[in-house]
Amino acid sequence: MDAGGKNIKTIGAAILAGGLGTRMKSEAPKGLVSLLENPLIFYAVESLIGARRLLKSHAGTAGHSVSLDKIGIVIGHKGEDIKDYTLRERRFRVKGLSIDFAVQKKYLGTGDAVNTSLGMFSSYRGEQNILILPCDMPLIRPESFFELIISHLNNNSDLTVLSVEVENPYSYGRILRDKTGSAMEIVEEKELARYPEKVRKTNEINSGVYILKLKHLKRLIGEIRPLNREREYYFTDIVNIFYKNGLKKTCLKSP
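Residues numbered from 1 in each chain as written. Predicted model: local features only at pLDDT ≥ 70, side-chain atom pairs only at ≥ 80, totals over all residues. Heavy atoms only, no water.

## Things to note about the overall build of the chain
Part 1: Scanning the chain from N- to C-terminus turns up 7 helices and 11 strands.
Part 2: For 255 residues, the compact-globule formula gives about 18 Å, and the C-alpha radius of gyration of the chain, at 18 Å, lands near that figure.
Part 3: If you line up the chain on its principal axes, its C-alpha atoms span 55 × 45 × 35 Å.
Part 4: The buried share of the chain, reckoned over its 255 residues, is 52%.
Part 5: Taking the intrachain contacts of the chain between residues at least 6 apart in sequence as the baseline, contacts between residues at least 24 apart amount to 75%.
Part 6: With the model as given, the accessible surface of the chain reaches about 13000 Å², and the carbon-plus-sulfur share is 50%. (Helix = DSSP H or I, 4+ residues; strand = E, 2+ residues; numbered from the N terminus. Rg over C-alpha atoms; globule rule 2.2 N^0.38 Å. Buried < 20%, exposed > 50% of the residue type's maximum accessible area, 1.4 Å probe, protein only. Contact = heavy atoms within 4.5 Å. Areas by Shrake-Rupley, 256 points an atom, 1.4 Å probe, with all protein chains shown as cover.)

In structure tokens form, the structure reads like this:
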């Protein structure tokens, strides 16, 4: 409870940092690839800490008092290096914020990475929510996380995706909406060949950032199947799974 007697909604964040990072052309794990004197994972954690400050400073003003109290990091390839860096980084030492780690033992895709993260939030109960993001988003601002969280809570959504409209959507997952405008599905670039041309031209793309009610995520993540060309568990499939189960999904377009 906060000082005014209102319930504080707790948010956790899961950073997916277990991949091989082959596109980076580096021996370092993706999260430790350097950019402007800091590794990529620094910017993800820094922005979450910034969003945490915004949530604290705006407590109650947006209709909610929200606390981001845990960051869970999924590690895999050279994960001990990521863990060592994170625990040594003094800028991450924030009172009331814990950082935890989970090891993705096999590289089976983002769906498996998110499933691996769930154990770090085993103490969460009820209507608590989890923010999910990749480790390689150095340009995302704390304000984007803040706005996503508040939009998700104000709409009482079960799942909210941060989306972006771009001129050239090539290589990105496309967001498909139904006739009512509800997010229905995310189609990865590698799967587009079996969809009509109008789908390939869709310019609203998935940013890779989501916030979900944890109780529904735990219940439904097992429905993700490796039925794609890569035989991986795509976390993007969770949007269609929530859709088929009649849950409320929204997209917040990033400016």
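## Some points on the packing of aromatic side chains
Part 1: One pass over the structure, following the stated rule, counts 5 aromatic pairs.
Part 2: Pairing Phe42 with Phe92 gives two aromatic rings, centres 5.9 Å apart and planes at 20°, and the pair type is stacked. Placement of the pair is Phe42 in helix H1 (residues 40–57) and Phe92 in the loop between helix H2 (79–88) and strand E5 (98–103), with a sequence separation of 50 residues. As far as the burial class goes, Phe42 and Phe92 line up, both buried.
Part 3: On the basis of an interplanar angle of 90° and a centroid distance of 6.1 Å, the ring pair of Tyr85 and Phe92 is categorised as edge-to-face. We note that Tyr85, like Phe92, is buried. (Phe/Tyr/Trp six-rings, centres within 6.5 Å; stacked < 30°, edge-to-face > 60°.)

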